[in-house]
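Letter by letter, the chains look like this.
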Amino acid sequence: MSSYTAKPEDKFTFGLWTVNNPGRDPFGGPTRHVLPIPYVVEKLGQLGVWGVNLHDNDLVPIDATAAERDAIVKEFKQALSDNNVIVPMATTNLFSDPAFKDGAFTSADARVRAYALQKTMESMDLGAELGAKIYVFWGGREGSEVDAGSKTMDALGHFRDSLNFLCEYSKDQGYDYKFALEPKPNEPRADIYLPTVGSALGFIATLDNPEMVGVNPEVAHETIAGLSFPHAVAQALDAGKLFHIDLNDQKIGRFDQDLRFGAENLKMCFHLVKLLLDNTYSGPKHFDAHALRTEDEAGVWAFAKGCIRTYLILEEKVRQYNADPEIQAALSEYFVRDAALEGLSKKYSPANAAALKAMPVDRLALGARGMGLEKIDQLTVELLYGIR
Ligand code: GLT
Ligand code: MN
Ligand code: MN
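Residue positions are given per chain, counting from 1 as you read along its sequence in written order. Written order decides the labels, with chains lettered from A and ligands numbered from 1. The model is predicted, so local features are restricted to residues of pLDDT at least 70 and side-chain atom pairs to those at 80 or more, both for listing and for counting; the totals for chains, interfaces and linings are taken over all residues. Side-chain metrics in this entry use all non-hydrogen atoms of the structure; hydrogen atoms and water are not considered.

Chemist: Could you clarify how one ought to interpret the sheet that holds strand β3 (residues 89-91) in this entry?
Modeler: Consider a sheet: its strands pair through backbone hydrogen bonds, and that pairing is either parallel or antiparallel. Note: two strands are recorded as paired if DSSP finds a minimum of 2 bridges between them. A helix here means a DSSP run of H or I that spans at least four residues, while a strand means a run of E at least two residues long, and both kinds are numbered starting from the N terminus. An order of β8-β6-β4-β3-β2-β1-β10-β9 is seen for the eight strands of this open sheet, with the pairing classed as parallel. On the outer flanks of this sheet lie β8 (213-215) and β9 (246-247), each paired with one strand and no other. Where strand β2 (residues 51-55) lies against β3, two bridges are found, and the strand directions are parallel. The residue of β3 that forms the bridge with L54 is A90. Residue contacts follow a heavy-atom distance rule, with two residues in contact if any of their heavy atoms lie within 4.5 Å. Working convention: axes come from line fits to C-alpha atoms, limited for helices to the stretch in contact. Angles between N-to-C directions cover 0 to 180 degrees. Where helix α7 (residues 197-204) meets the sheet, its contacts fall on β6 (178-182) and β8, and the angle it forms with β8 comes to roughly 170 degrees.

Chemist: Help me understand the coordination of the manganese ion (ligand 2) in this model?
Modeler: Six octahedral donors at a metal ideally form angles of 90 or 180 degrees, and four tetrahedral donors ideally form angles of 109.5 degrees. In this analysis a donor is any N, O or S atom within 2.8 Å of a metal ion (3.2 Å for sodium, potassium and calcium), and since water is not included, sites may seem incomplete. Surrounding the manganese ion (ligand 2) are the protein donor atoms E182 (OE), E218 (OE), D246 (OD) and D288 (OD), which sit 1.9 to 2.2 Å from the metal. Here the donor residues for the manganese ion (ligand 2) map to a single chain with the spacing E-x35-E-x27-D-x41-D. The metal-metal distance between the manganese ion (ligand 2) and the manganese ion (ligand 3) is 4.6 Å, with E218 serving as a donor to both. Of this pair, E182 sits in strand β6 while E218 sits in the loop between β8 and α8 (219-224); the two residues are 36 residues apart in sequence, bridging distant segments of the chain. In this structure, E182 and E218 share a single accessibility class: buried. Think of it in three bands: residues with accessible area under 20% of the maximum for their type are buried, residues over 50% are exposed, and the middle band is partly exposed, with areas taken using a 1.4 Å probe on protein chains only.

Chemist: Whenever I open this one, the site of ligand 1 confuses me. Can you help?
Modeler: By convention in this text, a residue qualifies as near a molecule or strand provided that one of its non-hydrogen atoms is within 4 Å of it. The immediate surroundings of ligand 1 are formed by W17, H55, F95, W138, E182, E218, H221, D246, D256 and D288. Here a polar contact is taken to be a pair of N or O atoms separated by no more than 3.5 Å, where protein atoms must pair a possible hydrogen donor with a possible acceptor and residues adjacent in sequence count only if both atoms sit in side chains. Measuring from an oxygen atom of ligand 1, one finds a side-chain N or O atom of W17 at 3.4 Å. Residue burial considers only the protein chains on display, and all accessible areas are found by Shrake-Rupley using a 1.4 Å probe. Compared with its free state, where it exposes 310 Å², ligand 1 has 90% of that area covered by protein. Only protein atoms enter the 1 Å grid used here. Points where a 1.4 Å probe fits but cannot escape make up a cavity, open sets with protein on both sides within 12 Å along at least five of seven lines make up a pocket, and a residue lines them when an atom lies within 4 Å of a point. Pocket occupancy is defined atom-wise: a molecule lies in a cavity or pocket when more than half of its atoms are within 2 Å of its grid points. When each cavity is represented as a set of grid points, ligand 1 is found to reside in the largest pocket. Among the residues forming the shell around ligand 1, the class breakdown is three nonpolar, two polar and five charged. Following the grouping adopted for this structure description, the nonpolar residues are Ala, Val, Leu, Ile, Met, Phe, Trp, Tyr, Cys and Pro, the charged ones are Asp, Glu, Lys and Arg, and the polar ones are all others, Gly among them.

Chemist: What should I look at first to understand the environment of H290 in this one?
Modeler: Looking at the secondary structure, you find H290 in the loop between β10 (285-287) and α11 (297-323). In sequence terms H290 and T91 are 199 residues apart; their C-alpha atoms lie 18 Å from each other. Contacts of H290, omitting those with residues within four sequence positions, involve T18, N21, Q257, D258 and F303.

Chemist: Looking at this structure, I do not really get the coordination of the manganese ion (ligand 3). What am I missing?
Modeler: Taken together, E218 (OE), H221 (NE2), D256 (OD), D256 (OD) and D258 (OD) make up the protein donors of the manganese ion (ligand 3), found 1.9 to 2.6 Å from the metal. We note that the donor set of the manganese ion (ligand 3) lies within a single chain, spaced as E-x2-H-x34-D-x1-D.

Chemist: How should I be thinking about the environment of P230 in this particular structure?
Modeler: Mapped onto the fold, P230 is located in helix α9 (residues 229-238). P230 sits in the buried class, given a relative accessible area of 12%. Along the primary structure P230 and V49 are separated by 181 residues, whereas in three dimensions their C-alpha atoms are 24 Å apart.

Following this line, the structure appears as structure tokens:
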């Protein structure tokens, strides 16, 4: 039995905007104070957290002077090194300022699009100065309520041009960033462009430097759309595009809840952790969640510790599942292997096609077979509840 405490090799991260979320929502103001950033870094370090991520304006106010920026960055770097915390990922706030109310890279206004590039380059400079290797693009305002004129087609073209521009900027500066697109179907816009992981993967293939760009799937975002998060992650892994992951939890069909990891759908979270562990995902594991609005500061740290503990508990459950003789026996009955048939089906050749066409099939027997999935699922539930 482990103590379920984080080690640097777990690569757990939080965003400054997550643990420092003051509990504001569209119907009410903050319910807790914003904490000083060096203190947040110290507390995260005490929890064994590997990294802290940020938007430019989580650290440096949008209207800071150059001297103010430098002083803030210096103090932040000191806190990082004092507490053994790094900055693995950076991103740009292209959603809070009213200038971006109708989008940033996809705005209908060329001046806004140019400003979005300027702000992102400056934020990439900041991220690089702090050592970030991953650069996330969450296009919260890149969407619409009104599909005016040619906007929908224009938006895709503008988004592509912006990403191409910024990939070249990253290369030119020697930053070595990997870009990760974070899809979300809606909120704060009625419809956000590239709403799912699958949409983002399709879009990446149209870029000038597709190898530099992957995805940052978030549990809540695919779940809002009613989609399976583990399936989205599997597709990203299969494509070699899982550059980053945002872990939290969510009820289907709600506003973006960003709940504590494992707070809502433990079985889904188990399958997710299994996918990441079995496929040796080695990137950061970012808890993009926040404490409930009901909580005070103690509740915030209970929330952060809870994300970590649940992830580590589920890793332990995955190891147990992979070693459980009854579960493994049920799985080997479920997966029917046949080396000869798999050889024929793996790759087309005229001979393989002819052999498959000539193959006798007992269709009724195939249809009559019970798959044993009820048993497998019940064993999983019992394992998760600690009965096994
Ligand atoms: C915002 C959003 C998150 C994104 C962040 C990165 S900002 O909090 O809800 O899902 O990951 O821009
Ligand atoms: Mn996110
Ligand atoms: Mn979210």
